[in-house]
Every structure is written in structure tokens, then in C-alpha cells.
Amino acid sequence: MTSLSMAMNKDAFRQFQEELAALDKEQDKRRKETSEAPQDRARREFLALRERYQLSVADVVAFFPEEEGIAYLQGLIAASEMAPRKRRASRKVAEQD
């Protein structure tokens, strides 16, 4: 009977530790969120939702105020222009070098 109660105590202690760790993580998350501006937090959360639900650019633009929607589109365009396309070298060129 004592081994059963000891096992229950270990399980309860382990559960307590897990719950305590979860609370610590939640506090860290809240501290991080409070350091962000509310608008930045809303933007971060929305962009996470956009990825999760695969929203279109039109959905994103409609969500933000007009000037922010335009800025978002400009950011997308700038990001696509800045990233150079990588071309594969043909085998003939690689063999000649």
C-alpha cells in the first residue's frame, strides 16, 4: 500500500512540476507581450493567423487601415525585388571550369 501511495505522490509531484513550468512559460510570454506595442502585437498575431489560414493578400490589405495595407504591399514588392533569383549553372559550364 505504501508503494502505491508513493507512486501517487511522485505522479502528483511530477504533475505539479509540469504545471509550474507551464505557468513560468505563460509569465515569460506575457512579459514579452507587454514589452511590445499593442499595434505590433496585433500585427504579429494577424500575420500568424494569415499563415495558419493561408489568407490572400486581399484579405490582409482589407484588415489593415488603407495606408498600412499599401505599406504591406510595398514591403512584399520590395522583398521580392531584393531577393535575386538563383540560377543553376548548366553542367557544361561547370565542366568547362
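Residues numbered from 1 in each chain as written. Predicted model: local features only at pLDDT ≥ 70, side-chain atom pairs only at ≥ 80, totals over all residues. Heavy atoms only, no water.

1. Quick look at the overall build of the chain
The criterion, for reference: Put simply, DSSP H or I for four residues or longer makes a helix, DSSP E for two residues or longer makes a strand, and each gets a number counted from the N terminus. Working definition: with a 1.4 Å probe on protein chains only, accessible area under 20% of the residue-type maximum means buried, over 50% means exposed, and in between means partly exposed. For the accessible areas, the method is Shrake-Rupley and the probe is 1.4 Å, while residue cover comes only from the protein chains on display.
Along the chain, the regular secondary structure elements total five helices and zero strands. In the chain, the succession of helices and strands from N to C terminus is α-α-α-α-α. When burial is assessed residue by residue, the chain has 5% of its 97 residues classed as buried. Surface summary for the chain: the accessible area is close to 9200 Å², and the carbon and sulfur share equals 55%.

2. Points about the environment of Gly-69
The line we're drawing: By the convention used here, residues are in contact when the closest approach between their heavy atoms is within 4.5 Å.
Residue position: Gly-69 is located in helix 4 (residues 66-82). Sequence separation between Gly-69 and Ala-58 is 11 residues, and the spatial gap between their C-alpha atoms is 9.1 Å. In this view, Gly-69 contacts Val-61 and Phe-64; residues no more than four positions away in its chain are not counted.

3. A few points about unusual backbone geometry
For Gln-54, which is not glycine, the phi torsion reads 50° and is therefore positive. Given a relative accessible area of 71%, Gln-54 falls into the exposed group.

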